[in-house]
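One letter stands for each residue in the lines below.
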Amino acid sequence: MAAEFLTGNRLTLLRSGVEYFPALEAAIREARNAVFLETYIYSGDATGKRVTRTLCDAASRGAAVHVLVDGFGSRDMPEAFTRELREAGARLLVFRPQIWRLRRMHRKLAVADHVAFIGGINIIDDADTPGQKPPRHDFAVKIEGPLVGPVRREAERLWNRVALARLRPRWRVRPGGNHEPEAKGGQRAALLVRDNLRHRRSIEAAYLAAMEAAAEEIIIANAYFLPGRRFRRALVRAAARRVRVVLLLQGRVEYLVLHYATRALYGALLEAGVEIHEYTRSFMHAKVAVIDGRWATVGSSNIDPFSLMLAREANVVVEDRRFAGRLREQLQADIEHGARVVSRKRWSHGPLWRRVSYWIGYGLARLAIGVFGLGGRF
């Protein structure tokens, strides 16, 4: 299904938790009607405590507070948080508490009355990066204007589905009404979600369409990058059209097999003229892109089988030169000051054993994809 773009929005790009959490907490403090918060990870650290306290305060003053967490990602959410939310009058639901289920809720989405947020930032302290250098490098978008309406309706829709699945029919919410948020600016944007019904390939399709139309430049920053053939071919075709194609990828090892599988793709991409940079300044968690300085996306979706074929995801797509320009400036600075370039010459002359290990990783990743039934176009 094609994205429905709405004009009249004011969009604020937020970089990492240092900008995101103050904005999120301020919006929740000002909410008088309803708050929805969806997150994959809900940590018991200082950030989790602060957000929980803010949600409890909102519920105590009469706002209807709805918190939806993933059963796997938030399996370590402290019981004390659950108790505090319940005692304050907030409602908490768990998406698929069976941790062995593969289809997860990976969205990071919030709505507080007429303000919404979408991005890749979980409820977790940026400095909490075990085995990695902090802080996390990530992005979110604060949304004001008409696009808040679709974001809220999507939050209500998923909340109601989970309430029924968890045998809480009385917790279902009525739609927020026909009153749409008024215009706050002049920016044009759309909400894209990935689910397993009507929107199975919405986010991937938006990427592909934008890349096929690119005339000057594609910059993609993505933490977990293992695209399928169609995505890789779109990158190669763009490079063949003399479009500058730049990938900013995770330079630090988090998941060894995925790290090796991603690197198995480097050779063909470099030969096609794609620039690859590995971010090493800190732990990278971003899922963003800018194309031709006017199209941008920020959200929760990685470019890997988990995000593109299994998980529930949410991205904002923006058609606005000012917003895209700011994101591009930040990514360009990250490339210049926080990343190492992957040289085509050095890569092609690397030791054979290293390249073999990457292809073993790719083979293991494909085997896992086949075992779990994700399809074979990778």
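Preceding block: the structure.
Residues numbered from 1 in each chain as written. Predicted model: local features only at pLDDT ≥ 70, side-chain atom pairs only at ≥ 80, totals over all residues. Heavy atoms only, no water.

Novice: Looking at this structure, how should I read the nonpolar core?
Specialist: Proteins that are soluble and globular tend to have nonpolar side chains buried together. Membership of the largest hydrophobic core comes to 48 residues, with the highest contact counts inside it found for Ile-143, Val-151, Leu-327 and Leu-331. Setting aside its immediate chain neighbours within four residues, Val-151 contacts Leu-109, Val-111, Ala-116, Ile-118, Ile-143 and Leu-191. (Core = buried A, V, L, I, M, F, W, Y, C linked by side-chain atoms within 4.5 Å. Buried < 20%, exposed > 50% of the residue type's maximum accessible area, 1.4 Å probe, protein only. Contact = heavy atoms within 4.5 Å.)

Novice: Looking at this structure, I do not really get the packing of aromatic side chains. What am I missing?
Specialist: Each aromatic ring pair is summarised here by two numbers: the centre-to-centre distance and the angle between the ring planes. This model, assessed by the stated rule, comprises 11 aromatic pairs. With a centroid separation of 5.6 Å and 55 degrees between ring planes, the pair formed by Tyr-207 and Phe-231 is classed as tilted. Residue Tyr-207 is located in helix H5 (residues 202-213), and its partner Phe-231 is located in helix H6 (residues 229-240); the two are separated by 24 residues in the primary sequence. Overall, the relative accessible area of 3% leaves Tyr-207 in the buried class. Members of the aromatic cluster, joined through ring pairs, are Tyr-207, Phe-225, Phe-231 and Trp-295. The ring centre of Phe-72 lies 4.1 Å from the NZ or CZ of Arg-75, which sits over that ring. The side chain of Arg-168 reaches across the aromatic face of Trp-171, ending 4.6 Å from its centre. (Phe/Tyr/Trp six-rings, centres within 6.5 Å; stacked < 30°, edge-to-face > 60°. Helix = DSSP H or I, 4+ residues; strand = E, 2+ residues; numbered from the N terminus. Lys NZ or Arg CZ within 6 Å of the ring centre and 35° of its normal.)

Novice: Teacher, can you tell me more about the pairing of strand E14 (residues 313-319) here?
Specialist: The side chains of a regular strand alternate, first on one face of the sheet and then on the other. The buried fraction of E14 is high, at six of seven residues. Two elements, strand E8 (residues 187-194) and E14, share seven bridges in a ladder whose sense is antiparallel. Bridge pairing links Arg-194 to Glu-313 in E14. As paired strands, strand E13 (residues 295-299) and E14 are joined by five bridges and run antiparallel to one another. Bridging across to E14, Val-298 finds its partner in Val-316. (Pairing = 2+ DSSP bridges.)

Novice: Before we go on, may I ask you to explain a nonpolar patch on the surface in this structure?
Specialist: Residues Val-257, Leu-352, Val-356, Ile-360, Leu-364 and Leu-367 make up a contiguous nonpolar surface patch of roughly 550 Å² in combined accessible area. It is helix H12 (residues 352-371) that provides the largest number of residues to the nonpolar patch, a total of five residues. Along the polypeptide, Ile-360 turns up in helix H12. (Patch = residues over 30% accessible without salt bridge, like charges linked within 9 Å, V, L, I, M, F, W, Y side chains within 5 Å. Areas by Shrake-Rupley, 256 points an atom, 1.4 Å probe, with all protein chains shown as cover. Salt bridge = Lys/Arg side-chain N within 4 Å of Asp/Glu carboxyl O.)

Novice: Please clarify how the pattern of salt bridges should be interpreted in this entry.
Specialist: In the structure shown here, the tally under the stated rule is 20 salt bridges. Among the salt bridges present, the one from Arg-107 reaches Glu-38, with a minimum N-O distance of 2.7 Å. Separated by 69 residues along the polypeptide, Arg-107 in the loop between strand E4 (91-95) and strand E5 (109-112) and Glu-38 in strand E2 (residues 34-39) bring together distant segments of the chain. A salt bridge links Glu-278 to Arg-263, with the nearest nitrogen and oxygen atoms 2.7 Å apart. Taken as a pair, Glu-278 in strand E11 (residues 275-279) and Arg-263 in helix H7 (residues 256-264) lie far apart in primary sequence, 15 residues in all.

Novice: In this structure, what is going on with the pairing of E11? I would like to understand it.
Specialist: For E11, the buried fraction is high: four of the five residues fall into the buried class. Alignment of strand E10 (residues 244-250) against E11, held across five bridges, turns out to be parallel. Across the sheet, the residue bridging to Gln-250 is Tyr-279, located in E11.

Novice: Would you take a moment to explain the side chain of Asp-113 for this structure?
Specialist: With respect to the helices and strands, Asp-113 occurs in the loop between E5 and strand E6 (115-119). In this structure, Asp-113 is buried with no salt-bridge partner, the nearest side chain bearing the opposite charge being Arg-152 at 5.2 Å. There is a polar contact of 2.7 Å between the side chain of Asp-113 and the backbone nitrogen of Arg-32. A distance of 2.9 Å separates a polar atom in the side chain of Asp-113 from the backbone nitrogen of Ala-34. If sequence neighbours within four positions are ignored, Asp-113 has contacts with Glu-30, Ala-31, Arg-32, Asn-33, Ala-34 and Val-148. (Lys, Arg positive; Asp, Glu negative; His and termini not counted. Polar contact = N/O pair within 3.5 Å; in protein donor to acceptor, adjacent residues only side chain to side chain.)

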